[in-house]
There are 2 protein chains.
Amino acid sequence: MTRSWWGWGREDAQVVGAELDSLLDRVRQMLPDHDFTDHPPPAPSSLSVPAPRVSPPSALAGLCSADTVDRLAHARGKAFRDVVRNLHGDIRHLPDLVVRPATEQDVVDVLEWCSGAGIAVVPYGGGSSVVGGVEPRFDGPAISLDLERLDRVLEVDRASRAGRIQGGVLGPSLEDQLRPYDLTLRHFPQSFEFSTLGGWLATRAGGHYATLYTHIDDLTESMRVVTPSGISESRRLPGSGAGPSPDRLFLGSEGTLGVITEAWVRLQDRPRWQVTTSVTFDDYEEAVAAVRTIAQAGLYPTNCRLLDAGEALLSAGVATTGGMLILAFESADHPVEPWLARATEIAADLGGMIGAARARGDEGSDSAGAWKSNFLRMPYQRDALARRSMIVETFETACTWDRFAGFDAAVRAAAQTALDDICGGGVITCRFTHVYPDGPAPYYGIYAPGRWGSTLAQWDEIKAAVSEAIIDNGGTITHHHAVGRDHRPWYDRQRPDPFASALAAAKQALDSAGILNPGVLIDPVSSPRNP
Amino acid sequence: MTRSWWGWGREDAQVVGAELDSLLDRVRQMLPDHDFTDHPPPAPSSLSVPAPRVSPPSALAGLCSADTVDRLAHARGKAFRDVVRNLHGDIRHLPDLVVRPATEQDVVDVLEWCSGAGIAVVPYGGGSSVVGGVEPRFDGPAISLDLERLDRVLEVDRASRAGRIQGGVLGPSLEDQLRPYDLTLRHFPQSFEFSTLGGWLATRAGGHYATLYTHIDDLTESMRVVTPSGISESRRLPGSGAGPSPDRLFLGSEGTLGVITEAWVRLQDRPRWQVTTSVTFDDYEEAVAAVRTIAQAGLYPTNCRLLDAGEALLSAGVATTGGMLILAFESADHPVEPWLARATEIAADLGGMIGAARARGDEGSDSAGAWKSNFLRMPYQRDALARRSMIVETFETACTWDRFAGFDAAVRAAAQTALDDICGGGVITCRFTHVYPDGPAPYYGIYAPGRWGSTLAQWDEIKAAVSEAIIDNGGTITHHHAVGRDHRPWYDRQRPDPFASALAAAKQALDSAGILNPGVLIDPVSSPRNP
């Protein structure tokens, strides 16, 4: 498998042929006047890549790569703005080296070298950040610390249903290694194929479960983190009240406090019973009320994904005026029909039209299945459209139910105004990826015609407008995409100032040289020195 | 209502008359040779209480009490060792003043005064700490900051089922104020009547729910905390992935980082359907396996409390060889019979003998009901026995399922050896208060005959032995009683050193004068100066 250095996923899985034709046909129907000229990525050899500014001590040289394509592929994540910059050959801020530790001791040694030499370290899992989290966006020397070789399930505790797993393992390999135990982590973010356990933990990734275990946080039993001040290892505990949770300090620390080398995570038995159905609504307000009622009913659906009318049409090919709700329950222990029956009863009470229930294995046979198979192709399709001057990107948040109607209206208004002003129009869609008793996590999609050469600036302006609206209206700047560098201005308004001081002090205690992912979450306490 | 200064709860609710006779009869059957002479508490006027060493600025004088009984009542929490010391008139380390802020601004002003004057501040909720958390166990001057006047539900968001509530409200008043909204927090620790929301948050208290929402942490939407460096207020969010959780730093901070003045907490609709049953077992190992299987089945019982044979006999009057499981499900949305049916099916498969299911309102009519009514009298009974030279105390923990059998055996062996050596014998019981997919939270009870004048030293020796066993065998030094001062030696072995450095740095950033609850969780970064 060859990873694309400039865009999402595998080079051999790009959108071509009939898939491309169909995609472009659909978009042309929306935007008949758009210029769909393809702008393929530049050849890496055509880019003038500066030589590395640092060289490793000989003991670590074997872990280091100065290969140009390697450095290009590690220079940024996979957001729309990353892809667009790559397509334009904008290659500022490359890591000087890509370093691949083979053992935890290698990680310790690399941090020691970099702390002493004043080299910034950007921890790198699968590289799927969409917030500038893996990009050395600063002037000093930097290495990208790629953890791909720490990719093993080390131990499984079948009685407690937990596994000790290395941070660098990608989603599919993790699941492959658990299969012999008949266990699964069931953490399936859209980035699943190209993201790692350590990355999920560092960014508080959201996964498969729409309720209860929404973030990887909830599946974390203990963590092992290499910091420049030593290794922090928490105890395996099902629950504890012994002071503030050590794990919760590292969950979401985005590589600024340490490198997550291992974690014990809570696993699941493979589900034997799975039922799913889709519910359509004439009225979006009623659809939202139905989701709220289901979220507060104590039923805990695995999937409770409300697509608004635009999202239902674009992603699932279903025409509704009020949106479509995909509901699913699963269990390894018992049939879940009573659960689904009560959830659909709630939906019907609020005007929902209930589709046929499907058992496992029927995926792809109806609209819910269509949505699911589309889901994993979305990032590839985004890249195909980015090459053709389209602006295709998402942003996501969460807010409480009392605010949602006003919040959604304000965010959509800000987005639509920005799209109209900047692009002369565009489409906004919304789905709920996760729902809580006290509020939903809405995930918005943007589709707009851009001008080649300007789509980065256009998107940045749109993103700023919607981020302002999110923060002004009581949302979070991110529910599960993390903060990175791109969300900093709004994160800085969101987090309490005393907490920011406490976090900066904690970082100073653990990373006194300030080498770990400078600029992410907090301003550097001390700048990395030049070597 | 007059609170007891020396023991648990209300003065007029002490164990007397028939309840006392029955209690002593039962204990005499176990320990016929014990000397049950009653040692009543000393009169406060008989104690030589030193004058306060500090006097408040005139603007704050109206909030301050130097009353002797007030100071005595705030000098320590309600652990066995606290009660015994009170009974002996051991009154070292009184707070110099009890300060009762009426507003958040008062809290700000008090912290400013104390920071400047080098006076330690011990935040005080209901005073039910059993870990030395509210005791000024140091030599410098100290105030007890009693938040009882910050006792209001300020706002309710019915749509999101959340309430903004002041930190000083006691459990019953909190529930009374929520009743008009038909909502409930459903956080019912054993200390419910004499503990506060702020105290629960500061100590990560465990509550009503045996599964899912086990700690108050899980019911917390946002917090407002007065620190000496400013007020930290997090956003109301149903979920977020924006950096490490600010709330999780303050949850469990035990008054060392700030004073929790308000929180938005997640509320519940009042349950309409409640079913409960008890299951008895011949074999404890099978009982444990049944609980594990139920905890991993995704059924989420409200109650899943396994009493071992000793606990079943002593607290519920049920004779079994393998223990008794109390199972309950509740819902405001739907009948829960399918849930209970599956849980009891699991229990029966593992040798459980299922009692009759009871709906709500039947409480007290059988063994599960007997256990429940006994539950709230336990602390009073503990005091009655403490006056009569008995050692009656609990300790609690959590561990993963794979370890449980060995853990339990090691902890019981350590306890029994200590009891035999120190007291010439004694009884150990165990119940699970909370259960998780990856492990239980066992709660042990100790009943032993002591020697008047020595019961404190005897208990401290027993406690040290069981704490060693807990830490050596992979448990947590506390699942929901907090760390305070009493658990420090074992907490210090449990928490990762780098995390301890980070936490100390965070404290230094927020409380640079080191006035907040010195000695709890972490060593003072800088000692409070003398005034």
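Bear in mind that the values here come from a model prediction, so they are computed numbers and not experimental data.

## Here we look at the interface of chain B and chain A
Across the boundary between the two partners, chain B contributes 81 residues, which contact 81 residues of chain A. Between chain B and chain A, roughly 6400 Å² of surface is buried when both sides are summed, and carbon and sulfur atoms account for 59% of that area. Sorting the residues of chain B by area buried against chain A places Arg 235, Pro 238 and Pro 244 of chain B first, and these three jointly supply 11% of that buried surface. Viewed at the interface, chain A and chain B are joined by 6 salt bridges. Residue composition of the side of chain B that touches chain A, grouped by class: 39 nonpolar, 27 polar and 15 charged.

## Observations concerning the nonpolar core
Formed by 208 residues in total, the largest nonpolar core has its most connected members in Leu 185 and Leu 197 of chain A together with Leu 185 and Leu 197 of chain B. Residues within four places of Leu 185 of chain A in sequence aside, it is in contact with Leu 174, Glu 175, Leu 178, Leu 197, Trp 200, Ile 216, Leu 219, Val 265, Arg 266, Leu 267 and Gln 268 of chain A.

## Some words on the sheet that holds strand 4 (residues 142-146) of chain B
Residues and elements named next belong to chain B. Taken together, the 4 strands give an open sheet; going across it, the order is 1-2-4-3, and neighbouring strands pair in mixed fashion. Every interior strand has two partners, whereas the edge strands, strand 1 (64-65) and strand 3 (120-124), have only one. Bridging between strand 1 and strand 2 (residues 97-99) involves 2 bridges; their strand directions are antiparallel. Its bridge partner lying in strand 2, Cys 64 is registered against Val 99. Against the sheet, helix 5 (residues 104-117) touches strand 2, strand 3 and strand 4, its axis set at about 170° to strand 4.

## Structural notes on the packing of aromatic side chains
Residues and elements named next belong to chain A. This model, assessed by the stated rule, comprises 16 aromatic pairs over all chains. Ring plane angle 80° and centroid distance 5.1 Å describe the contact between Phe 188 and Phe 192, whose orientation is recorded as edge-to-face. For Phe 188, a relative accessible area of 27% corresponds to the partly exposed category. An angle of 15° between the planes, with centres 5.0 Å apart, marks the rings of Phe 395 and Tyr 444 as stacked. A residue pair is termed long-range when its members are at least 10 positions apart, and Phe 395 in strand 17 (residues 390-396) and Tyr 444 in strand 19 (residues 439-449) qualify at 49 residues. With respect to class, Phe 395 is no different from Tyr 444; both count as buried.

## Describing the pattern of salt bridges
Side-chain pairs of opposite charge can arise whenever the charged atoms involved come near each other. Residues and elements named next belong to chain A. The full count for this structure, using the stated rule, is 88 salt bridges over all chains. Arg 100 is paired through a salt bridge with Glu 148; the nearest N and O atoms lie 2.9 Å apart. Of this pair, Arg 100 sits in the loop between strand 2 (97-99) and helix 5 (104-117) while Glu 148 sits in the loop between strand 4 (142-146) and strand 5 (153-157), and the two are 48 residues apart along the sequence. The class of Glu 148 is partly exposed, set by a relative accessible area of 40%. Through salt bridges with shared partners, a single ionic network connects Arg 81, Asp 82, Arg 85, Glu 135, Arg 137, Asp 460 and Asp 486.

## Concerning helix 1 (residues 17-30) of chain B
Residues and elements named next belong to chain B. End to end, helix 1 covers 21 Å across 14 residues, agreeing with the expected 20 Å (1.5 Å per residue, within 8%). When helix 1 is considered as a whole, its buried residues turn out to be Leu 20, Leu 23, Leu 24 and Val 27. End-on view of helix 1: buried residues confined to an arc of 95°, all on one side of the axis. Turned more than 90 degrees off the buried face of helix 1, the exposed positions are Ala 18 and Gln 29.

## Quick notes on the side chain of Lys 78 of chain B
Residues and elements named next belong to chain B. Assignment of secondary structure puts Lys 78 in the loop between helix 3 (68-73) and helix 4 (80-87). Of the side chains bearing the opposite charge, Asp 383 lies closest to the buried Lys 78, which forms no salt bridge; the N-O distance is 7.0 Å. Among the polar contacts made by the side chain of Lys 78, one reaches the main-chain carbonyl oxygen of Ser 4 at a distance of 3.2 Å. Excluding its chain neighbours within four sequence positions, the residues that come into contact with Lys 78 are Arg 3, Ser 4, Trp 5, Trp 6, Gly 7, Trp 8, Val 83, Gly 127, Ser 128, Ser 129, Val 130 and Arg 382.

## Thoughts on the domain arrangement of chain A
Residues and elements named next belong to chain A. The domain architecture assigned to chain A consists of domain 1 (27-146) and domain 2 (273-472). The straight-line distance from the C-alpha centre of domain 1 to that of domain 2 is 32 Å. Both sides of the domain 1 and domain 2 interface together cover about 1900 Å² of buried area, and 68% of this is carbon and sulfur. In terms of surface lost to domain 2, no three residues of domain 1 exceed His 34, His 39 and Phe 80, which account for 34% of the buried area on that side. Between domain 1 and domain 2 we count 3 salt bridges in total. Residues Asp 460 and Arg 81 are paired through a salt bridge, measuring 2.8 Å at the closest nitrogen-oxygen approach. Remark: the boundary between domain 1 and domain 2 carries 8 residue pairs in polar contact (both at pLDDT 80 or more). Contributions of two or more residues to the side of domain 1 that touches domain 2 are made by helix 1 (17-30) and helix 4 (80-87).

## Section: a negative patch on the surface
Residues and elements named next belong to chain A. On the surface, a cluster of negative charge is contributed by Asp 282, Asp 283, Glu 285 and Glu 286. Positionally, Glu 286 belongs in helix 9 (residues 284-295). With a relative accessible area of 36%, Glu 286 lands in the partly exposed category.

## What about the packing of helix 9 of chain A against helix 11 (residues 337-349) of chain A?
Residues and elements named next belong to chain A. Interaxial distance between helix 9 and helix 11 falls to 9 Å at its minimum, and their mutual angle equals 150°. Helix 9 and helix 11 meet at a crossing whose hand is right-handed. Only Ala 343, Ile 346 and Ala 347 of helix 11 make contact with helix 9, whose side of the interface consists of Ala 290, Thr 293 and Ile 294.

## Some points on the relation of the copies chain B and chain A
The operation relating chain B to chain A is a screw motion whose rotation component is 180°, with 0.0 Å of axial translation and a residual RMSD of 0.0 Å. Here the symmetry operator amounts to a two-fold rotation axis. Of all interface residues in chain B, 100% are interface residues in chain A too; the two copies therefore contact each other through one and the same surface.

## Here's the deal with the sheet that holds strand 10 (residues 259-266) of chain B
Residues and elements named next belong to chain B. Read from one edge to the other, the open sheet built from 5 strands follows the order 5-6-10-8-9, with strand pairing classed as antiparallel. Every other strand in the sheet has two partners, leaving strand 5 (153-157) and strand 9 (230-233) as the edge strands with one partner each. Sheet twist, expressed as the mean angle between neighbouring strand axes with direction ignored, is 10°. Here 4 bridges tie strand 5 to strand 6 (residues 162-166), and the two strands are oriented antiparallel to one another. Counted as the bridge partner of Val 156 is Gly 163 from strand 6.

## Quick notes on the state of the cysteines
On inspection of all chains with the given rule, the structure shows 0 disulfides over all chains. Cys 399 of chain A carries a free sulfur, and the closest cysteine sulfur to it, the one in Cys 430 of chain A, is 9.6 Å from it.

## Section: the packing of helix 4 of chain B against helix 14 (residues 455-472) of chain B
Residues and elements named next belong to chain B. Contact pair helix 4 / helix 14: the axes reach a minimum separation of 9 Å and the direction vectors enclose 165°. With respect to each other, helix 4 and helix 14 are oriented roughly antiparallel. With respect to the hand of their crossing, helix 4 and helix 14 are arranged in left-handed fashion. Where helix 4 abuts helix 14, its residues Phe 80, Arg 81, Val 84 and Arg 85 lie against Thr 455, Leu 456, Trp 459 and Asp 460.

Thresholds applied
Residues numbered from 1 in each chain as written. Chains lettered and ligands numbered in written order. Predicted model: local features only at pLDDT ≥ 70, side-chain atom pairs only at ≥ 80, totals over all residues. Heavy atoms only, no water. Contact = heavy atoms within 4.5 Å. Buried area = accessible area lost by both parts, 1.4 Å probe. Salt bridge = Lys/Arg side-chain N within 4 Å of Asp/Glu carboxyl O. Nonpolar A, V, L, I, M, F, W, Y, C, P; charged D, E, K, R; others polar. Core = buried A, V, L, I, M, F, W, Y, C linked by side-chain atoms within 4.5 Å. Buried < 20%, exposed > 50% of the residue type's maximum accessible area, 1.4 Å probe, protein only. Pairing = 2+ DSSP bridges. Helix = DSSP H or I, 4+ residues; strand = E, 2+ residues; numbered from the N terminus. Axes fitted to C-alpha atoms, helices over the stretch in contact; angles between N-to-C directions. Phe/Tyr/Trp six-rings, centres within 6.5 Å; stacked < 30°, edge-to-face > 60°. Expected span 1.5 Å × (residues − 1). Arc of directions from axis to C-beta. Lys, Arg positive; Asp, Glu negative; His and termini not counted. Polar contact = N/O pair within 3.5 Å; in protein donor to acceptor, adjacent residues only side chain to side chain. Domains from an automatic or database assignment. Patch = residues over 30% accessible without salt bridge, like charges linked within 9 Å, V, L, I, M, F, W, Y side chains within 5 Å. Areas by Shrake-Rupley, 256 points an atom, 1.4 Å probe, with all protein chains shown as cover. Charge placed at Lys NZ, Arg CZ, Asp CG, Glu CD. Left-handed = near helix turned anticlockwise from the far one by under 90°. Least-squares fit on C-alpha atoms with pLDDT ≥ 70 in both. Disulfide = S-S within 2.5 Å. Parallel < 35°, antiparallel > 145°, perpendicular 65-115°, else oblique.

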